[in-house]
Amino acid sequence: MYKNLREFIDVLRKEKQVVEIEAEVDPHLEIAEIHRRVIDEEGPVLFFKNVKGSTFPVVTNLFGTKQRVEMAFGPKPEEIVKGLVGALDKLMPPKPKALWEERQLLLDVMRTGTKTVQKAPVTEVYNPSFDMTSLPALTSWPEDGGPFITLPLVYTESPATKEHNLGMYRIQLYEAQQTGMHWQIHKGGGFHHHEAEEVNKKLPVTLFLGGPPALITSAIAPLPEMVPELVFASLLLGEKLGLHQPEEAAHALVAEAEFAFSGHVPPHVRRPEGPFGDHYGYYSLTHDFPVFNIEKVWHRKDAIYPATVVGKPRQEDYYIGEYLQDVLSPLFPVVMPGVKRLWTYGETGFHSLAGAVVRESYYKEAMAHAFRIMGEGQLTLTKFLMVSDVDVDLAHFPAFFENILARFQPSRDLLIVNDTSMDTLDYTARGKINRGSKAIMTGLGDPVRDLPRTYEGGHINGLNDVKVYCGGCLVVSGDSFDKNPNLPEQLVERGQKALEPWPVVFIVDNAEEVVRTQTSFLWTTFTRFDPASDLYADADIVRNKIAYRGPIIIDARMKPMYPKELFADEDTVKLVDQRWNEYFK
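Keep in mind that what you see is a predicted model, and the values were worked out from it rather than measured. (Residues numbered from 1 in each chain as written. Predicted model: local features only at pLDDT ≥ 70, side-chain atom pairs only at ≥ 80, totals over all residues. Heavy atoms only, no water.)

(A) Quick look at the pairing of strand 8 (residues 164-167). Across 4 bridges, strand 7 (residues 153-157) lies against strand 8 in antiparallel orientation. Bridge pairing in strand 8 links Thr 156 to Asn 165. Linkage of strand 7 to strand 8, two consecutive antiparallel strands, is achieved through a turn of 6 residues, within which Lys 162 is found at a positive phi near 70 degrees. (Pairing = 2+ DSSP bridges. Helix = DSSP H or I, 4+ residues; strand = E, 2+ residues; numbered from the N terminus.)

Okay, here's the thing in structure tokens:
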């Protein structure tokens, strides 16, 4: 494995997967536009040697293909996790024979953790008066609030327990020694800051850039709460993670990082942060967030600035997320007994949709497992969860969705949880931040219907296009939300006969575009509706239960209260068109 960023880059160079760009490029919009075009073509790593306004080179697209993610980590971490899970019954309680049989696995596990090192490349340059605005931080989208650090590794410790968290929370550059700190309410760093504010104390924070690829990946991994990020980084790395403790630093520094920024987040101080084009494919809006005051800075003398660009799927986070799900999948049945398989869909920003295969050994046991999933770590951010007891490839969504729809009985299998906390980046609850609703949809037991695969219902007033996405799922388009917000109610009233064979119908702005691929369908639908506000059906109230009757109609049109969809700046597009051959001589 690679102990630092540059080792990985050197190997990629030998594999001819790095393009070095000598021409001067602007971190304001230009680099991001180049990056997006290259990642769309599953192209190479981009190493920008001459960045306007900075002495540091920028590297992007390190993880922009499945092949490069596999090159970064290999099969070893997945083998260790599977081996650990498979050996649990043999090793608990420990017995000499079992320990001997699993000795190689135990040796691998013993190599995980951290170690203290006396020399650290990250400390080659010490600069307590470092100007944060000298970093070549990218502005990716035209309405972004400014330049942001997009691959930050934010390290904190709980004031009460000293347990650590390493998270990736976006960092907006404000001024020489102050940045924003986008701590979301459901994340570890935010919990630690809350603890510090409760006792009116500042929270020490260390921000790293670069280091082993394993460290970058661990910061975004949806780990079970019992698994510390530095331990998981060590597991991916294949050896103990080297830490170095300068006298001036509040925390030990990752020895092989490119940069380390030490400081604190004060209690009860907020500053407007954003807007920012995020991984949902829209702008997250301006809100007040904590600030990070930088006091000390270390970096390598030839430091490389790692960056990424987030936006509409698929971006780098999609490929990293797919890899992490494969590695972590054996852990979920251990943490959540009864959950056999679990998948979150990167095409929806991961949090908007998840699917699970669970045990159903008694009536509605699956619902208990669904609640367990909704209460585990970052999975608490899940907006829409689909659950089945029939094994199927979850990553292939059309097959999984058909499996659900063939068994779906609306009166029994749909639960909407209204007025709950939501992902900070999800504004579908009519523009509210951190609030919204969730839904659980189950498809259990034997099929109850043959799914229709051809629409034969004829013309329906208000619609101009009807497409089939998969068996049982219809996608329709008509007037925009601005022109006719009542279209879903009209379909419930007028379209019952034509739509009756279809368990689920999505209303979108352009049906033909939406049904083309799994990515276009998932992104355009599940990021554009709130279950409590945008799901329509006939229903009865039986005592305190809402019993829905199909078809379920979901309004996934863009709505005026939603943030804007991300589009590149036209002048930047023209500039990159003109300079393309200059970048890639």
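Moving on from the model shown.
(B) Examining unusual backbone geometry more closely. Of note, the amide linkage connecting Gly 274 to Pro 275 takes the cis form, showing an omega dihedral of -5 degrees. Tracing the chain through its elements places Pro 275 in the loop between strand 15 (271-273) and strand 16 (276-277). Positive phi outside glycine occurs at His 268, with the angle close to 60 degrees. When you line up the elements, His 268 lands in the loop between strand 14 (259-265) and strand 15. For His 268, a relative accessible area of 52% translates into the label exposed. Non-glycine residue Phe 350 carries a positive phi angle of around 75 degrees. (Buried < 20%, exposed > 50% of the residue type's maximum accessible area, 1.4 Å probe, protein only.)

(C) Representation of helix 10 (residues 316-328) in the model. Its 13 residues give helix 10 an end-to-end C-alpha distance of 18 Å, which sits within 8% of 18 Å, the value for a rise of 1.5 Å per residue. Listed as buried for helix 10 are Glu 316, Tyr 318, Tyr 319, Ile 320, Gly 321, Tyr 323, Leu 324, Gln 325, Val 327 and Leu 328. (Expected span 1.5 Å × (residues − 1).)

(D) Examining the packing of aromatic side chains more closely. Applying the stated criterion to the full structure yields 25 aromatic pairs. Taking 5.0 Å as the distance between ring centres and 75 degrees as the angle between the ring planes, the aromatic pair formed by Phe 56 and Phe 259 counts as edge-to-face. Here Phe 259 lies in strand 14 and Phe 56 lies in the loop between strand 2 (45-48) and strand 3 (58-60), a separation of 203 residues in the sequence. Phe 259 matches Phe 56 in its accessibility class, with the two residues each being buried. Note on Tyr 169 and Trp 183: the rings are 6.4 Å apart at their centroids and 75 degrees apart in plane angle, and the pair reads as edge-to-face. Of the two residues, Tyr 169 is situated in the loop between strand 8 and strand 9 (171-175) and Trp 183 in the loop between strand 10 (178-180) and helix 7 (188-198); the sequence distance between them amounts to 14 residues. According to the relative accessible area criterion, Trp 183 is buried, its value standing at 6%. (Phe/Tyr/Trp six-rings, centres within 6.5 Å; stacked < 30°, edge-to-face > 60°.)

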